[in-house]
Every structure is written in C-alpha cells, then in structure tokens.
Amino acid sequence: MTILIAYDGSDDAKEAISFAGRLLKSESAVVLTVWERLAMSAARASVGMVMAPEFSAAEDQAVGDAMRKLSEQGAELARKAGFEATARCELDGVAVWSTIVDVADELDATLIVTGTRGLGGVKSLLLGSTSDRVLHHASRPVLVVPAPEREE
C-alpha cells in the first residue's frame, strides 16, 4: 500500500500528516510537493494584468530548490509520524490538484491525503480549493483532514 500525501508546508498539511500517521503507521508514503514557475504563478495571481513580469531561469531554479527542500521536510515529518516516507517534488503542469491526481495514478496510490487549506491564498479563491478538486477528480479514496483547531 502506498499513501500519497500532498504537502505545501502549511499547518493544514502538517496536521494531515500527523492525523494520517495515527491511522496508518508503518505504511509506505510519498510526500508530494507541487510547485509552479514564478511567471505562471504571477500571471494567475494578476488576473486582468496584460503582461506577467519576467522571471529568470535562475529564479525558477531557486524556487524549485526551495520546494524540494520543503518536500524533504514533509517526508521527515511523515517519518516522525510513523510512515516509511520518501519525498517527491513535481513542477505543476496545469494545476496543483491535477498534478496530485496524476502522481497518485502513476504510483497507483491506495489513498491520497491532503489538508483542507494550503498556502494558496488569492489563487485558491480564484481557482477553487485544491483539496476539493482532488476529492472530485481522483479515481481513488481521498482523506481530507480539517485544519487544526487554533487557540483564540
């Protein structure tokens, strides 16, 4: 059994790892971080803007390196939660949710685990919730873990 855990560094993603670990200890897990090129991110965030700002390959490389480190951090959290975890980082081709579903299909994952909200901000408001889209487009079970309760 392979569990695919979507991870973006948010508190919700950390809670998803923790909760899933309590249920599924000792299972094999792939912790997936999906990122998109800066130019694409800027273009999506700037609806109505005629031209997206220019970003260099070096800037994209730096973001990619940071996302790989983030994925490794997520895998380490998953190992601490009891999983036999490996990290995976993918460049977003179309949409984050689509990449998650595609990687789950490629791995033939038994389950996809995700938090309810990530670090999407305005993009999430414009494009819809990643977890909602994964839930409705995946051809396999999806565990959506609600946000941790925050003290007022």
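Each value, and the rule that gives it
- Residues numbered from 1 in each chain as written.
- Predicted model: local features only at pLDDT ≥ 70, side-chain atom pairs only at ≥ 80, totals over all residues.
- Heavy atoms only, no water.
- Helix = DSSP H or I, 4+ residues; strand = E, 2+ residues; numbered from the N terminus.
- Buried < 20%, exposed > 50% of the residue type's maximum accessible area, 1.4 Å probe, protein only.
- Contact = heavy atoms within 4.5 Å.
- Core = buried A, V, L, I, M, F, W, Y, C linked by side-chain atoms within 4.5 Å.
- Pairing = 2+ DSSP bridges.
- Axes fitted to C-alpha atoms, helices over the stretch in contact; angles between N-to-C directions.
- pLDDT = per-residue confidence, 0-100.
- Salt bridge = Lys/Arg side-chain N within 4 Å of Asp/Glu carboxyl O.

*Asks:* In this structure, what is going on with the overall build of the protein chain? I would like to understand it.
*Replies:* The helix and strand inventory of the protein chain stands at 6 helices and 5 strands. In sequence order, the protein chain lays out its α and β elements as β-α-β-α-α-β-α-β-α-α-β. When each of the 152 residues of the protein chain is scored for burial, the buried share is 36%. When contacts within the protein chain are restricted to residue pairs at least 6 apart in sequence, long-range pairs at least 24 apart make up 78% of them.

*Asks:* How should the nonpolar core be read in this particular structure?
*Replies:* Side chains of nonpolar character tend, in soluble globular proteins, to be buried together. Of all hydrophobic cores here, the largest spans 19 residues; its most connected members are Ile3, Ile5, Val31, Ala78, Phe83, Ala85 and Val113. The biggest single contributor to this core is helix α1 (residues 11-24), with 5 residues. Look past the residues within four positions of Ile5 in its chain and what remains in contact with it is Ile17, Ala29, Val30, Val31, Leu32, Ala78, Phe83 and Val113. Residues Leu4, Val101, Ile112 and Val134 belong to the second largest nonpolar core, which totals 14 residues.

*Asks:* When you look at the sheet that holds strand β1 (residues 2-6) in this model, what are you seeing that I'm missing?
*Replies:* Sheet strands pair by backbone hydrogen bonding; their relative direction is either parallel or antiparallel. With parallel pairing, 5 strands are arranged side by side in an open sheet as β3-β2-β1-β4-β5. One side of each edge strand has no neighbouring strand; the edge strands of this open sheet are β3 (84-91) and β5 (142-145). Neighbouring strand axes in the sheet, compared pairwise and without regard to direction, differ in orientation by 25° on average. Bridge count for strand β4 (residues 111-115) against β5 is 4 bridges, and the pairing is parallel. Bridge pairing in β5 places Ile112 opposite Val142. Where helix α3 (residues 57-80) meets the sheet, it contacts β1, β2 (28-35) and β3, and its direction lies at approximately 160° from that of β3.

*Asks:* Sorry, what's going on with the environment of Leu70 here?
*Replies:* Looking at the secondary structure, you find Leu70 in helix α3. Distance from Leu70 to Leu32, taken between C-alpha atoms, is 9.5 Å for residues 38 residues apart in sequence.

*Asks:* What's the story with the confidence of the model for the protein chain in this structure? I'm lost.
*Replies:* Of all residues in the protein chain, 78% have pLDDT values of 70 or greater, and the mean over the chain is 83. Averaged over each element, pLDDT in the protein chain is lowest for helix α5 (residues 122-127) (43) and highest for β1 (97). Taken as a whole, residues 42-47 scores under 50 in pLDDT and shows 10 contacts with residues more than four places along the chain or in a different chain.

*Asks:* Would you take a moment to explain the pattern of salt bridges for this structure?
*Replies:* Proximity of charged atoms lets side chains of opposite charge pair with each other. As enumerated under the stated definition, the model contains 6 salt bridges in all. Glu76 is the salt-bridge partner of Arg79, the closest N and O atoms lying 3.3 Å from each other. Taken as a pair, Arg79 and Glu76 lie in helix α3 at a separation of 3 residues, close to a single helical turn. Given the relative accessible area of 34%, Glu76 is considered partly exposed.

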